[in-house]
There are 2 protein chains.
Amino acid sequence: MKERGLLIVLSGPSGVGKGTVRQAIFSQQDTKFEYSISVTTRNPREGEVDGVDYFFKSRDEFERMIENNKLLLEWAEYVGNYYGTPVDYVEQTLQEGKDVFLEIEVQGALQVRNAFPEGLFIFLAPPSLSELKNRIVTRGTETDDLIENRMNAAKAEIEMMDAYDYVVENDDIQTACDKINAIVLAEHLKRERVAPRYKKMLEVE
Amino acid sequence: MKERGLLIVLSGPSGVGKGTVRQAIFSQQDTKFEYSISVTTRNPREGEVDGVDYFFKSRDEFERMIENNKLLLEWAEYVGNYYGTPVDYVEQTLQEGKDVFLEIEVQGALQVRNAFPEGLFIFLAPPSLSELKNRIVTRGTETDDLIENRMNAAKAEIEMMDAYDYVVENDDIQTACDKINAIVLAEHLKRERVAPRYKKMLEVE
């Protein structure tokens, strides 16, 4: 029987750069993760591609997925848009022994934590709240009200850090990627995962 | 107040290459660990230097250290020789916020686990028991009886794996070093260590 893969969940406040860090991780040659593409009803940002960054859906389409149990793992409404994770792909890939990488909003991550407590939950944190504000403003795609909403949401989300296993500060994209890779490598070396293999070896000899 | 350093304990069966891996880690430029030099009554092997690899002592000297509470953290008799860790250096260095690296025998590691349950316990494992035997033989410094003793001890020690947090296979020295570095980096990113810093930041703003 194949050893089950790890479910890696990268989350954190809106605007912290989850998407950028995720793209950087997957642009590196030696990545061994399988990326689980989320479904969303929000508009694509510049450069985002349907079926690569997200599956972009209408609200009607998204609600039909909920009804058909396609988003059992998690879905959430966030600042007026739906986000969700198609469960079939995740379950199948873990069973194949591959690690699955989710990049999702905090609300969704908390739901995944309930469904998959054995997952690896990484919180991507802003170097400071003021820098978070700068980043949202310079993205230039949001109104002032939205920015204010996001700041308030972010403060609440930072308090949600307690639901995570690890905290990685996104002060530099490459450093953040290196840290995430180290966390996943360490997780694979945990005694609970490795010891059974050795005990089997001892029995054979 | 300075954040307390991590106590990193590298251990594993005799002959698995603990000393070699430790030397490789400390020969790398970016090592941030402080090495805690053990005390032993065994004879120096070729290339080993007193005060660098070990403090080499007589049995009388070692027993006086026990009496004077200098080895409270751990000491053990192993295949006819004493091994121990001077406690004062470890405690002082952790208080300075630096990570302390111990490379010790399994018996000693179990004692440290009792004294410092918050330590990071890494088990260095042989790729296979047969390869372990090869390594001991090719070292060429032991008699056949000693080798037999060590094999039996090793089998028992592998069953002690359960007392450790992580298992790193020593199939390649550089890979083993990379894994140990990843484990320590991940440990520093654990939410329990990082979250208090962020909560403080939130209060300030």
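Quick note: structure is the one above.
One structure accompanies this document, and this report is about it. (Residues numbered from 1 in each chain as written. Chains lettered and ligands numbered in written order. Predicted model: local features only at pLDDT ≥ 70, side-chain atom pairs only at ≥ 80, totals over all residues. Heavy atoms only, no water.)

### Overview of the overall build of chain A
Here is step 1 of the chain: Regarding its fold elements, chain A presents eight helices and nine strands.
Here is step 2 of the chain: Relative to all contacts within chain A whose residues are 6 or more apart in sequence, the contacts with residues 24 or more apart total 68%.
Here is step 3 of the chain: For chain A, the computed accessible surface area is about 9900 Å², with 48% contributed by carbon and sulfur atoms. (Helix = DSSP H or I, 4+ residues; strand = E, 2+ residues; numbered from the N terminus. Contact = heavy atoms within 4.5 Å. Areas by Shrake-Rupley, 256 points an atom, 1.4 Å probe, with all protein chains shown as cover.)

### Quick notes on the sheet that holds strand 7 (residues 99-103) of chain A
Residues and elements named next belong to chain A.
Here is step 1 of the chain: Pairing is parallel across the open sheet formed by five strands, whose spatial order is 2-7-1-8-9. Each edge of the open sheet is held by one strand with a lone partner, namely strand 2 (33-35) and strand 9 (166-169). Taking each pair of neighbouring strands and ignoring which way they run, the sheet shows an average axis angle of 30 degrees.
Here is step 2 of the chain: Across four bridges, the pairing between strand 8 (residues 120-125) and strand 9 is parallel. If you follow Phe123 over to strand 9, its bridge partner there is Val167.
Here is step 3 of the chain: Each of strand 1 (7-11), strand 2, strand 7 and strand 8 is contacted by helix 1 (residues 18-27), which is oriented at about 150 degrees to strand 7, the strand it contacts most. (Pairing = 2+ DSSP bridges. Axes fitted to C-alpha atoms, helices over the stretch in contact; angles between N-to-C directions.)

### Some remarks on the pattern of salt bridges
Here is step 1 of the chain: Scanning the entire structure with this criterion turns up 22 salt bridges over all chains.
Here is step 2 of the chain: Put simply, A:Arg22 and A:Asp53 hold a salt bridge, and the shortest N to O gap is 3.4 Å. Of this pair, A:Arg22 sits in helix 1 while A:Asp53 sits in the loop between strand 3 (38-40) and strand 4 (54-56), and the two are 31 residues apart along the sequence. Each member of the pair, A:Arg22 as well as A:Asp53, is classed as buried.
Here is step 3 of the chain: The partner of B:Asp88 in a salt bridge is B:Lys70, and the shortest N-O contact between them spans 3.5 Å. In this pair, B:Asp88 is assigned in helix 3 (residues 87-95) and B:Lys70 in the loop between helix 2 (59-67) and strand 5 (74-78), connecting sequence segments 18 residues apart.
Here is step 4 of the chain: The exposure class assigned to B:Asp88 is partly exposed, which follows from its relative accessible area of 46%.
Here is step 5 of the chain: Here the salt bridges share partners, and the residues they tie into one network are A:Arg22, A:Asp53 and A:Glu103. (Salt bridge = Lys/Arg side-chain N within 4 Å of Asp/Glu carboxyl O. Buried < 20%, exposed > 50% of the residue type's maximum accessible area, 1.4 Å probe, protein only.)

### Quick notes on empty space enclosed by the protein
Here is step 1 of the chain: One pass over the full model with this rule turns up two cavities of 30 Å³ or more.
Here is step 2 of the chain: Within this model, the largest cavity holds a volume of roughly 80 Å³.
Here is step 3 of the chain: For the lining of the largest cavity, the secondary-structure elements that each account for two or more residues are strand 5 (74-78) and strand 6 (81-85) of chain A.
Here is step 4 of the chain: For the lining of the largest cavity, the element with the highest residue contribution is strand 5 of chain A, accounting for three residues.
Here is step 5 of the chain: When grouped by side-chain class, the residues that make up the lining of the largest cavity number five nonpolar, three polar and three charged.
Here is step 6 of the chain: Approximately 50 Å³ is the volume attributed to the second largest cavity.
Here is step 7 of the chain: Those elements that place two or more of their residues in the lining of the second largest cavity are strand 5 and strand 6 (81-85) of chain B.
Here is step 8 of the chain: Here the lining of the second largest cavity is built from residues that sort into four nonpolar, three polar and three charged. (1 Å grid on protein atoms, 1.4 Å probe; cavity = no way out; pocket = protein on both sides within 12 Å on 5 of 7 lines; lining within 4 Å. Points joined across faces, edges and corners; volume = space filled by probe spheres on them. Nonpolar A, V, L, I, M, F, W, Y, C, P; charged D, E, K, R; others polar.)

### As for helix 1 (residues 18-27) of chain B
The α-helix winds at 3.6 residues per turn, so residues separated by three or four positions along the chain end up facing the same way.
All names here are of chain B.
Here is step 1 of the chain: Every buried residue of helix 1 is accounted for by Lys18, Val21, Arg22, Ala24 and Ile25. Along the axis of helix 1, the buried positions cluster into a sector of 160 degrees, meaning they face one direction only.
Here is step 2 of the chain: At its buried positions, helix 1 is contacted by strand 1 (7-11), strand 2 (33-35), strand 7 (99-103), strand 8 (120-125) and helix 7 (173-188). (Arc of directions from axis to C-beta.)

### Structural notes on the environment of B:Ile104
Residue and element names in this part refer to chain B.
Here is step 1 of the chain: Structurally, the position occupied by Ile104 is in the loop between strand 7 and helix 4 (106-115).
Here is step 2 of the chain: In this structure, the C-alpha to C-alpha distance between Ile104 and Gly84, residues 20 residues apart in sequence, is 8.2 Å.
Here is step 3 of the chain: Dropping the residues within four chain positions of it, Ile104 is found in contact with Val9, Leu10, Ser11, Gly12, Lys18, Ser38, Glu74, Thr85, Ala109 and Val112.

### Examining the packing of helix 7 (residues 173-188) of chain A against helix 7 of chain B
Here is step 1 of the chain: Across the interface, helix 7 of chain A lies against helix 7 of chain B with an axial gap of 8 Å and an inter-helix angle of 105 degrees. The orientation of helix 7 of chain A relative to helix 7 of chain B falls into the category roughly perpendicular. Between helix 7 of chain A and helix 7 of chain B, the residues in contact are A:Lys179, A:Ala182, A:Ile183, A:Leu185 and A:Ala186 and B:Lys179, B:Ala182, B:Ile183, B:Leu185 and B:Ala186, respectively.
Here is step 2 of the chain: Considered class by class, the residues forming the contact of helix 7 of chain A with helix 7 of chain B number eight nonpolar, no polar and two charged. (Parallel < 35°, antiparallel > 145°, perpendicular 65-115°, else oblique.)

### Considering the side chain of B:Thr40
Here is step 1 of the chain: By the secondary structure assignment, B:Thr40 is in strand 3 (residues 38-40).
Here is step 2 of the chain: When its relative accessible area of 0% is taken as the criterion, B:Thr40 is described as buried.

### Regarding the pairing of strand 8 of chain A
All names here are of chain A.
Here is step 1 of the chain: Among the six residues of strand 8, six are classified as buried, and the element is accordingly described as predominantly covered.
Here is step 2 of the chain: A two-sided burial pattern is seen for strand 8, the buried positions comprising Leu120, Ile122 and Leu124 on one face and Phe121, Phe123 and Ala125 on the other.
Here is step 3 of the chain: Judged from the four bridges that link them, strand 1 and strand 8 form a sheet pairing that is parallel. Bridged to Val9 within strand 8 is Phe121.

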